[in-house]
Amino acid sequence: MHVLVHAGFHKTGTSSIQQGLAANRAALSPALRILLKEDMEPLTEAARAWSRRPEELEWALVLHEARGTFSALDPDDPRPVLISSEDLCGHMPFRHGLTDYAAAAPLMAGLREALAATRPDATIAFLFTTRAAAPWVKSCYAQHLRATRMTETAEDYAARALPHADLGAMVDRVAGAVAPAPVHRAALEDIAAGPLGPLDALLDLLPLDPARRATLTPPARANRALPAEVQDRLLALNRSDRPWSEVRDEKKRLVRRARRLEA
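Everything numeric in this text was worked out from a predicted model, so none of it was measured. (Residues numbered from 1 in each chain as written. Predicted model: local features only at pLDDT ≥ 70, side-chain atom pairs only at ≥ 80, totals over all residues. Heavy atoms only, no water.)

### Digging into the overall build of the protein chain
In terms of helices and strands, the protein chain carries 13 helices and 5 strands. At 19 Å, the protein chain has a C-alpha radius of gyration in line with the 18 Å of a compact globule built from 263 residues. Here the protein chain holds 263 residues, and the buried ones make up 50% of them. For the protein chain, the proportion of contacts with a sequence separation of at least 24, taken over those separated by at least 6, is 76%. When the accessible area of the protein chain is evaluated, it comes to approximately 12400 Å², of which 53% is carbon and sulfur surface. (Helix = DSSP H or I, 4+ residues; strand = E, 2+ residues; numbered from the N terminus. Rg over C-alpha atoms; globule rule 2.2 N^0.38 Å. Buried < 20%, exposed > 50% of the residue type's maximum accessible area, 1.4 Å probe, protein only. Contact = heavy atoms within 4.5 Å. Areas by Shrake-Rupley, 256 points an atom, 1.4 Å probe, with all protein chains shown as cover.)

Here's what the structure looks like:
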């Protein structure tokens, strides 16, 4: 059994990759076993919890859920296993007091350990999609505006986040933690324009028949950047004294309206 783990990072094409895998699951199923967040939610939630509270009990839960996920895989099934969820790296930086992906390296080492404990004959490799620092920080800021009550301007957030935005350094940490397991990396700037978008980076690492690959449907670009005026309105809502429930619902309406106008 071979397992390929695509564990991040947030805002590096991960949503497009996962939507592409979901849309093509039936076409890929004769050749691949695919696990997305909804297929292993207890594990992704445990990883997020440990990134926020790196305590012994939380770590034990990560290992427990990882072993359960791998134990459920049929060892006699010859198909490779493709796992994709950025939540396996924990929470996005600049939530819950986090400033980077310090949790990623120990979490990936935990996955490797759990696989070795449950499937000793299995092999594992890792892929991380990355992005240049400035556009990554800009995209993260927009996501924070949508999902949290972020009240900083884009400029203030960038000044705080850019010193922690070296995703390549985060991958280097992972590589050191999981050695000798292979760790691959692919920059969004290099893979976004391929026939299947960033999904190509994953499929390039798997023994997929070219004829089958040619039948796959390219994923739509997911989580596109919102117009500046919409982001300004999100920021104003976050700074308002309205209850969070009202702010959250109004932000959802703004985003849905913006997406309809783009379509």
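### So, the packing of aromatic side chains
Across all of its chains, the model carries 6 aromatic pairs by this definition. Ring centres of Trp-50 and Trp-59 lie 4.9 Å apart, and the angle between their planes is 55°; this geometry places the pair in the tilted category. Relative to Tyr-157, the ring of Phe-94 has its centre 5.7 Å away and its plane inclined at 70°; by these criteria the two rings are edge-to-face. Taken together, the residues span a long stretch of sequence, with Phe-94 in the loop between strand 3 (81-84) and helix 5 (104-118) and Tyr-157 in helix 7 (residues 154-161) at a distance of 63 residues. Comparing Phe-94 with Tyr-157 shows no difference in burial state: the two are buried. Taken together, the ring pairs connect Phe-9, Tyr-101, Phe-128 and Trp-136 into an aromatic cluster. (Phe/Tyr/Trp six-rings, centres within 6.5 Å; stacked < 30°, edge-to-face > 60°.)

### A few points about a positive patch on the surface
Where like charges cluster on the molecular surface, the positive patch consists of Arg-233, Lys-252, Arg-256, Arg-257 and Arg-260. Broken down by element, the positive patch gets its largest block of residues, 4 residues, from helix 13 (residues 244-262). When you line up the elements, Arg-257 lands in helix 13. The class for Arg-257 is partly exposed, based on a relative accessible area of 36%. (Patch = residues over 30% accessible without salt bridge, like charges linked within 9 Å, V, L, I, M, F, W, Y side chains within 5 Å. Salt bridge = Lys/Arg side-chain N within 4 Å of Asp/Glu carboxyl O. Lys, Arg positive; Asp, Glu negative; His and termini not counted. Charge placed at Lys NZ, Arg CZ, Asp CG, Glu CD.)

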